Amino acid sequence: MPGHHSARSRRTTERKGDVRERAILDTCEALLAQNGYDAMTVGDIAQGAGITRGALYFYFASKQDVVTALVARTVEHLWERSRVTAQTDEPRQAIAAAMQRTVELWNEHGLVMRTAIDLSVTVPGIGELWNHTADLFIAAITAVLERAGIQAGAAPDQASAMARALCWMIERTFYHASQESREKLQEASATCEHIWLTSAGLIT
């Protein structure tokens, strides 16, 4: 049955491609930790992934494309881990859980997220991904603020404007804290949680 064999071959090839792509991205993340973005080369990534340089170009056109795909994978993971948390009905619980998830994600993928922030201005694909992710979090923070009784709207004292400020404040605070230590990430979380609770009118 040639048709059946061809379909099975395609599925096998696709699975192999997925494995290779994952190996490329995993290697890229490891090399960011070892060498940094500027020192990392396409050859390094290919060697670490166990493939030739030519084979890597079958999946990605450049080092920049590899890093963009790594950022895309990371922000998808970031959002999936945080989305349900943000939907918790009780605002205090939602805020506490969201900040805990943020600490976990920066501990796990802080280097990738710092790289995304650093490259977001100069690499359009990464900038778009990061800004889209920020918009998702702004919407989630807005919903929490509104459940806490903050009026909907874009005025400075209304939920969406406050959420935007909170989102970028959290990003910048964790960016700097992640360069120091895990303890600093916990301190950053406590600070951001306090500011968020204050903004929501849940503490004074």
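Residues numbered from 1 in each chain as written. Predicted model: local features only at pLDDT ≥ 70, side-chain atom pairs only at ≥ 80, totals over all residues. Heavy atoms only, no water.

Draft legend 1. Quick look at the layout of surface pockets. In this structure, the largest pocket spans a volume of roughly 160 Å³. If you go around the largest pocket, the residues you meet are L32, G36, Y37, D38, L111, R114, T115, D118, L119, Y175 and Q179. Looking at which element gives the most residues to the lining of the largest pocket, the answer is helix α5 (residues 91–119), with five residues. (1 Å grid on protein atoms, 1.4 Å probe; cavity = no way out; pocket = protein on both sides within 12 Å on 5 of 7 lines; lining within 4 Å. Points joined across faces, edges and corners; volume = space filled by probe spheres on them. Helix = DSSP H or I, 4+ residues; strand = E, 2+ residues; numbered from the N terminus.)

Draft legend 2. Focus on the environment of Q179. Along the polypeptide, Q179 turns up in the loop between α7 (159–177) and α8 (182–199). According to the relative accessible area criterion, Q179 is partly exposed, its value standing at 47%. Once the C-alpha coordinates of Q179 and R114 are considered, the two residues, 65 residues apart in sequence, prove to be 8.7 Å apart. (Buried < 20%, exposed > 50% of the residue type's maximum accessible area, 1.4 Å probe, protein only.)

Draft legend 3. Local environment of the packing of aromatic side chains. Tallied over the full model, the rule gives two aromatic pairs. Summarising the aromatic geometry, the rings of F58 and Y59 are spaced 5.2 Å apart at their centres and angled 85° between planes, so their arrangement reads as edge-to-face. Taking the relative accessible area as the measure of exposure, Y59 reaches 23% and is therefore partly exposed. One Lys or Arg, K63, reaches over the ring of Y37 and ends 4.2 Å from the middle of that ring. Taking NZ or CZ as reference, R172 lies 4.7 Å from the ring centre of Y175, over its face. (Phe/Tyr/Trp six-rings, centres within 6.5 Å; stacked < 30°, edge-to-face > 60°. Lys NZ or Arg CZ within 6 Å of the ring centre and 35° of its normal.)

Draft legend 4. Representation of the packing of α5 against helix α6 (residues 124–147) within the structure. The N-to-C vectors of α5 and α6 enclose an angle of 170°; their axes lie 13 Å apart at closest approach. Considering the angle they form, α5 stands roughly antiparallel to α6. Between α5 and α6, the contacting residues are P91, A94, I95, M113, A116, I117 and L119 on the first element and I126, W130, V144 and R147 on the second. Classifying every residue of the contact of α5 with α6 by side-chain character gives 10 nonpolar, no polar and one charged. (Axes fitted to C-alpha atoms, helices over the stretch in contact; angles between N-to-C directions. Parallel < 35°, antiparallel > 145°, perpendicular 65-115°, else oblique. Contact = heavy atoms within 4.5 Å. Nonpolar A, V, L, I, M, F, W, Y, C, P; charged D, E, K, R; others polar.)

Draft legend 5. Quick peek at the environment of A94. Among the secondary structure elements, A94 is positioned in helix α5. A relative accessible area of 1% places A94 in the buried class. Spatially, the C-alpha atoms of A94 and A140 are 10.0 Å apart, while their sequence positions differ by 46 residues.

Draft legend 6. The arrangement of α8 in detail. For α8, spanning 18 residues, the distance from its first C-alpha to its last is 26 Å, which sits close to the expected 26 Å at 1.5 Å a residue. Within the span of α8, buried status applies to L185, A188, S189, C192, W196 and L197. Down the axis, α8 shows its buried residues gathered within 160° of arc, on one side only. Against α5, α6 and α7 lie the buried residues of α8. (Expected span 1.5 Å × (residues − 1). Arc of directions from axis to C-beta.)

Draft legend 7. The nonpolar core, seen in detail. Among the nonpolar cores identified, the biggest contains 61 residues, and L56, L145, F174 and W196 are the most heavily contacted of them. Breaking this core down by element, the ones donating at least two residues are α1 (2–34), α2 (42–49), α3 (53–59), α4 (63–86), α5, α6, α7 and α8. Each residue touching W196, except ones within four places of it in the same chain, is listed here: I95, A98, M99, I141, V144, L145, L166 and I170. (Core = buried A, V, L, I, M, F, W, Y, C linked by side-chain atoms within 4.5 Å.)

Draft legend 8. Fine view of the pattern of salt bridges. In the structure shown here, the tally under the stated rule is six salt bridges. Note that E29 and R73 form a salt bridge whose closest N and O atoms lie 3.7 Å from each other. Taken together, the residues E29 in helix α1 and R73 in helix α4 connect sequence positions 44 residues apart. Overall, E29 belongs to the buried group, its relative accessible area being 19%. Two residues, D135 and R164, come together in a salt bridge whose shortest N-O distance is 4.0 Å. Of the two residues, D135 is situated in helix α6 and R164 in helix α7; the sequence distance between them amounts to 29 residues. For D135, a relative accessible area of 42% puts it in the partly exposed group. Members of the salt-bridge network, linked through shared partners, are D26, E29 and R73. (Salt bridge = Lys/Arg side-chain N within 4 Å of Asp/Glu carboxyl O.)

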